[in-house]
Amino acid sequence: MPTSLQDELEIIWSETDVSIVLDAHERLKAFATKEDLSMLLDALKSEKNDFWTRELLAEPIAYLGGSECLPELFDALDRNYQDGHDNDSLAHFLTEIAGLEPAACRAKLEELLNSPDFPHHKYAKWLLEFCN
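## Considerations on the environment of Leu100
Its place among the elements puts Leu100 in helix H6 (residues 88-100). The class of Leu100 is exposed, set by a relative accessible area of 60%. For the pair Leu100 and Cys131, spaced 31 residues apart in sequence, the C-alpha separation works out to 8.9 Å.

Printed below as a string of structure tokens:
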């Protein structure tokens, strides 16, 4: 039985049985905390990911990190689009952030849009529509 966040990540990345991956994802969500965000964000950037594992990792990141994790979530969104995937789940988690913390999300998006180095203006402008 996996006993750590890293164990669950390794299962998510290496297992081919969908039900085993989903079980690992559920366990990861159950015990991940804000203190694990750094590890989760590193995992999101890992080359071990594919579109699906990035979407799975986006869920706990979105709920634990919220608006502060938008840059990394936009990077994952963009990578998935580049890989030819529709991002239904990842887009949903982004809109959840906007719905759960609209003021913080709007402020973070405006900060990002005003940053000259921010590469995802299209996604930020899209998400602003959900900050009601």
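Now that the structure is up, let's keep going.
## Points about the packing of helix H2 (residues 18-31) against helix H4 (residues 51-65)
The contact between H2 and H4 brings their axes to 10 Å, and the two run at 20°. The orientation of H2 with respect to H4, classified from their angle, is roughly parallel. In terms of crossing hand, the pair formed by H2 and H4 is right-handed. In contact with Val18, Val21, Leu22, His25, Leu28 and Lys29 of H2, H4 contributes Trp52, Leu56, Leu57, Glu59 and Pro60. The residue makeup of the contact of H2 with H4, split by class, is eight nonpolar, one polar and two charged.

## With respect to the side chain of Lys108
Positionally, Lys108 belongs in helix H7 (residues 102-113). The class for Lys108 is buried, based on a relative accessible area of 10%. Apart from residues lying up to four places away in sequence, Lys108 is in contact with Ser67, Glu68, Leu70 and Pro71.

## Some words on the pattern of salt bridges
In this structure the tally under the stated criterion is 10 salt bridges. For Glu68, the salt bridge goes to Lys108, with nearest N and O atoms at 3.6 Å. On the criterion of sequence distance, the pair formed by Glu68 in the loop between H4 and helix H5 (70-82) and Lys108 in helix H7 is long-range, its members being 40 residues apart. By relative accessible area, Glu68 is classed as exposed at 55%. The partner of Glu111 in a salt bridge is Lys108, with the nearest N and O atoms 3.3 Å apart. Here Lys108 and Glu111 lie together in helix H7, a separation of three residues that amounts to about one turn.

Parameters at a glance
Residues numbered from 1 in each chain as written. Predicted model: local features only at pLDDT ≥ 70, side-chain atom pairs only at ≥ 80, totals over all residues. Heavy atoms only, no water. Helix = DSSP H or I, 4+ residues; strand = E, 2+ residues; numbered from the N terminus. Buried < 20%, exposed > 50% of the residue type's maximum accessible area, 1.4 Å probe, protein only. Axes fitted to C-alpha atoms, helices over the stretch in contact; angles between N-to-C directions. Parallel < 35°, antiparallel > 145°, perpendicular 65-115°, else oblique. Left-handed = near helix turned anticlockwise from the far one by under 90°. Contact = heavy atoms within 4.5 Å. Nonpolar A, V, L, I, M, F, W, Y, C, P; charged D, E, K, R; others polar. Salt bridge = Lys/Arg side-chain N within 4 Å of Asp/Glu carboxyl O.

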